[in-house]
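Structural characterization, general
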Amino acid sequence: LALARDLGVRKAEAVVLSNIGSLYIEMGEEDTGREHLRQSLEISRALGDRQDEALALMNLAQSEADQEMVAEALATYEKALVLFREGRDRRFEGVILNRLSELHETRGDPERALRLAEEALLLSRETANRYTEGRALTSIAVASASLGNEERAVGSLVEAEALQKA
């Protein structure tokens with residue numbers, strides 16, 4: 001971090017701050033981690049780097065979700081989604097859609113959760129993102145079960161399991 005600052009390489013500074021923030025969060029120091037992520041976000045915005053801004057927002061939102069700050073996480077994920085769509089990053093768009101699905105399920109809105117998970121599933125298949133595909137199938141299963149559609153829930157879980165074994 002000091003080297004990036006000494007050299008005046010702001011993009012590197014933003015990346016290092018983001019990595020440090022993620023490490024702090026992993027160590028259970030969420031507030032310190034989020035502060036580093038916010039600093040990374042500010043630098044990315046100042047540089048006009050929309051991709052890094054979106055990634056910083058995504059990491060910040062995940063931290064908020066992990067701390068059960070659901071309303072904040074939803075708002076932050078929505079901001080990241082706009083930027084990923086703007087940059088036509090379909091892979092991360094799918095990731096964000098699935099994370100939004102999970103949060104809406106947590107909030108007791110399985111209809112919206114299901115719609116978001118279905119959209120995430122399409123994007124994950126389009127971009128060959130098998131990890132998000134499996135998570136989206138699981139989200140579809142959870143939302144379907146919440147809506148009383150056990151057949152679809154079981155079918156989605158079977159499909160997710162087969163994907164994991166492949």
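Everything in this summary refers to the structure shown in the same document. (Residues numbered from 1 in each chain as written. Predicted model: local features only at pLDDT ≥ 70, side-chain atom pairs only at ≥ 80, totals over all residues. Heavy atoms only, no water.)

Turning our eyes to something else, we now look at the overall build of the protein chain. The helix and strand inventory of the protein chain stands at nine helices and zero strands. For the protein chain, the α and β elements follow one another from N to C terminus as α-α-α-α-α-α-α-α-α. For the protein chain, the C-alpha atoms occupy an extent of roughly 60 × 30 × 30 Å along the three principal directions. Looking at the protein chain as a whole, 45% of its 166 residues qualify as buried. Contacts in the protein chain between residues at least 24 apart in sequence constitute 47% of all its contacts with a sequence separation of at least 6. As displayed, the protein chain offers around 8800 Å² of accessible surface, 51% of which is attributable to carbon and sulfur atoms. One way to put it: in the protein chain the 21 positive side-chain charges average out to a point 4 Å from where the 31 negative ones average out. (Helix = DSSP H or I, 4+ residues; strand = E, 2+ residues; numbered from the N terminus. Buried < 20%, exposed > 50% of the residue type's maximum accessible area, 1.4 Å probe, protein only. Contact = heavy atoms within 4.5 Å. Areas by Shrake-Rupley, 256 points an atom, 1.4 Å probe, with all protein chains shown as cover. Lys, Arg positive; Asp, Glu negative; His and termini not counted. Charge placed at Lys NZ, Arg CZ, Asp CG, Glu CD.)

Along the chain, Arg99 turns up in helix α6 (residues 90-106). Buried within the structure, Arg99 lacks any salt-bridge partner; its nearest side chain of opposite charge belongs to Glu102, at an N-O separation of 5.8 Å. With near-sequence residues (within four places) excluded, Arg99 lies in contact with Met58, Gln62 and Tyr77. (Salt bridge = Lys/Arg side-chain N within 4 Å of Asp/Glu carboxyl O.)

Axis separation between helix α7 (residues 110-126) and helix α8 (residues 130-146) bottoms out at 8 Å; the angle between their running directions is 155 degrees. Compared by their axis directions, α7 and α8 come out roughly antiparallel. Of the two possible hands of crossing, α7 and α8 adopt the one that is left-handed. The residues of α8 that touch α7, namely those facing Pro110, Ala113, Leu114, Ala117, Glu118, Ala120, Leu121, Ser124 and Arg125, are Thr132, Glu133, Ala136, Leu137, Ser139, Ile140, Ala143, Ser144 and Ser146. For the contact of α7 with α8, a count of residues per class yields ten nonpolar, five polar and three charged. (Axes fitted to C-alpha atoms, helices over the stretch in contact; angles between N-to-C directions. Parallel < 35°, antiparallel > 145°, perpendicular 65-115°, else oblique. Left-handed = near helix turned anticlockwise from the far one by under 90°. Nonpolar A, V, L, I, M, F, W, Y, C, P; charged D, E, K, R; others polar.)

Okay, helix α2 (residues 10-26) next. For an α-helix, the turn length of 3.6 residues means that residues three or four places apart are oriented alike. The terminal C-alpha atoms of α2, which comprises 17 residues, lie 24 Å apart, in line with the 24 Å expected from a rise of 1.5 Å per residue. Residues of α2 that are buried make contact with α1 (2-7), α3 (30-47) and α4 (50-66). Following α2 by one or two positions, Gly28 has its phi on the positive side, about 90 degrees. (Expected span 1.5 Å × (residues − 1).)

With that settled, consider the pattern of salt bridges. Following the criterion strictly, the structure yields 19 salt bridges and no others. Measuring nitrogen to oxygen at the nearest pair gives 2.8 Å for the salt bridge that ties Arg5 to Glu13. The class for Glu13 is buried, based on a relative accessible area of 6%. When salt bridges with common partners are traced through the structure, they connect Arg85, Arg90, Glu93, Glu119 and Glu126 into a single cluster.

This part takes up α3. Given a rise of 1.5 Å per residue, 18 residues ought to cover 26 Å, and the 26 Å separating the end C-alpha atoms of α3 matches this to within 8%. Listed as buried for α3 are Glu30, Gly33, Arg34, His36, Leu37, Ser40, Leu41, Ile43 and Ser44. Looking at the buried residues of α3, the elements they touch are α2 and α4. Where α3 terminates, the next one or two residues include Gly48, which has phi positive at roughly 75 degrees.

Judged by nonpolar contacts, the single largest core of 37 residues is most densely connected at Met58, Tyr77, Phe84, Ile96, Leu97, Leu100 and Leu103. Broken down by element, the residue count for this core peaks at eight residues, all from helix α5 (residues 70-86). Excluding its chain neighbours within four sequence positions, the residues that come into contact with Met58 are Tyr77, Ala80, Phe84, Phe92, Val95, Ile96 and Arg99. (Core = buried A, V, L, I, M, F, W, Y, C linked by side-chain atoms within 4.5 Å.)

Before going further, it helps to spend a moment on the packing of α8 against helix α9 (residues 150-165). Direction vectors running N to C along α8 and α9 enclose 160 degrees, while the axes themselves pass 7 Å from each other. The pairing of α8 with α9 is recorded here as roughly antiparallel in orientation. α9 is crossed by α8, and the crossing has left-handed handedness. On the side of α8, the interface is formed by Arg130, Glu133, Gly134, Leu137, Thr138, Ile140, Ala141, Ser144 and Ala145, while α9 contributes Glu150, Arg152, Ala153, Ser156, Leu157, Glu159, Ala160 and Leu163. Split into classes, the residues belonging to the contact of α8 with α9 amount to eight nonpolar, four polar and five charged.

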